Amino acid sequence: MRVVIGSDHAGFELKEAVTAFLRERGVEVEDVGTHGNASVDYPDFASTVARKVGSGEADFGVLVCGTGLGMAIVANKYRGVRAVPCTTEFAARAARAHNDANVLCLGERLVGVGLGLAIAQAFFDTAFEGGRHERRVQKIADVEDENMR
Ligand code: RB5
């Protein structure tokens, strides 16, 4: 499994923690930045990560900003990306099991590092259930076909 991860300054600490957590589990992680606390713009990092997931270069993405919300708004503009801002472990499990979510968006200012790591663990420990959800995820792709260039 190949994961690409990015954050802005407001998500930097949690991005570092999730990167270390995934690497300890043997996951190949590409960190596209940011690499410090200097102020940067979240759309730049969301675009880099979403492009790699949408093209299949990475299997999953993780995006961290202050709220996780701006990252999700940008990432979902990319075809093939199903980005979910999650503030609970339940939401992270449901997003994988039902929506086959492929980009996890976290808000460091909302969940902090401890809960953020637990949410990431729940996300990566849960498989897509398929079955009736397959049809619904296919309908998401149909919406993309109708509305995206
Ligand atoms: C940065 O101040 C903040 O706006 C950003 O991290 C994020 O929360 C946007 O959605």
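Preceding this paragraph is the structure being described.
A short note on helix α4 (residues 89–97)
Here is step 1 of the chain: The set of residues buried in α4 consists of A92, A95, R96 and A97.
Here is step 2 of the chain: On its buried face, α4 is in contact with β3 (60–65), β4 (83–85), α5 (108–124) and α6 (132–147).

Re the packing of helix α1 (residues 12–24) against α5
Here is step 1 of the chain: Across the interface, α1 lies against α5 with an axial gap of 9 Å and an inter-helix angle of 25 degrees. One finds that α1 runs roughly parallel with respect to α5. α1 and α5 meet at a crossing whose hand is right-handed. Only E108, V111, G112, V113, G116, L117, A120, Q121 and F124 of α5 make contact with α1, whose side of the interface consists of F12, E13, L14, A17, V18, F21 and L22.
Here is step 2 of the chain: Among the residues forming the contact of α1 with α5, the class breakdown is eleven nonpolar, three polar and two charged.

Notes on the packing of aromatic side chains
Here is step 1 of the chain: What the rule picks out here adds up to three aromatic pairs.
Here is step 2 of the chain: Between F60 and F123 the ring centres are 6.1 Å apart and the planes differ by 85 degrees, which places this aromatic pair in the edge-to-face class. Taken together, the residues F60 in strand β3 and F123 in helix α5 connect sequence positions 63 residues apart. F123 shares its class with F60; the two are buried.
Here is step 3 of the chain: On the numbers, 5.1 Å between centres and 75 degrees between planes, the contact of F123 with F124 is edge-to-face. Each member of the pair, F123 as well as F124, carries the same accessibility label: buried.
Here is step 4 of the chain: Among the aromatic side chains, those forming a connected cluster through ring pairs are F60, F123 and F124.
Here is step 5 of the chain: Of note, R96 hangs over the ring of F123, and the distance from its end group to the ring centre comes to 5.8 Å.

Quick word on the site of the ligand
Here is step 1 of the chain: The environment of the ligand is formed by D8, H9, A10, Y42, C65, G66, T67, G70 and R109.
Here is step 2 of the chain: When isolated, the ligand has an accessible area of 290 Å², and the protein chains bury 71% of it.
Here is step 3 of the chain: Looking at the shell around the ligand residue by residue, the classes come out as three nonpolar, four polar and two charged.

What to know about α6
Here is step 1 of the chain: The terminal C-alpha atoms of α6 lie 24 Å apart, and with 16 residues this matches the ideal 22 Å at 1.5 Å per residue to within 8%.
Here is step 2 of the chain: When α6 is considered as a whole, its buried residues turn out to be H133, V137 and E144. Seen from one end, α6 has its buried residues packed into an arc of 40 degrees, which puts them on one side. Along α6, the residues that are exposed and aim more than 90 degrees away from the buried face are K139, D145 and E146.
Here is step 3 of the chain: Considering only its buried residues, α6 is in contact with α4.

The rules behind the values
Residues numbered from 1 in each chain as written. Predicted model: local features only at pLDDT ≥ 70, side-chain atom pairs only at ≥ 80, totals over all residues. Heavy atoms only, no water. Buried < 20%, exposed > 50% of the residue type's maximum accessible area, 1.4 Å probe, protein only. Helix = DSSP H or I, 4+ residues; strand = E, 2+ residues; numbered from the N terminus. Contact = heavy atoms within 4.5 Å. Axes fitted to C-alpha atoms, helices over the stretch in contact; angles between N-to-C directions. Parallel < 35°, antiparallel > 145°, perpendicular 65-115°, else oblique. Left-handed = near helix turned anticlockwise from the far one by under 90°. Nonpolar A, V, L, I, M, F, W, Y, C, P; charged D, E, K, R; others polar. Phe/Tyr/Trp six-rings, centres within 6.5 Å; stacked < 30°, edge-to-face > 60°. Lys NZ or Arg CZ within 6 Å of the ring centre and 35° of its normal. Near = heavy atom within 4 Å. Areas by Shrake-Rupley, 256 points an atom, 1.4 Å probe, with all protein chains shown as cover. Expected span 1.5 Å × (residues − 1). Arc of directions from axis to C-beta.

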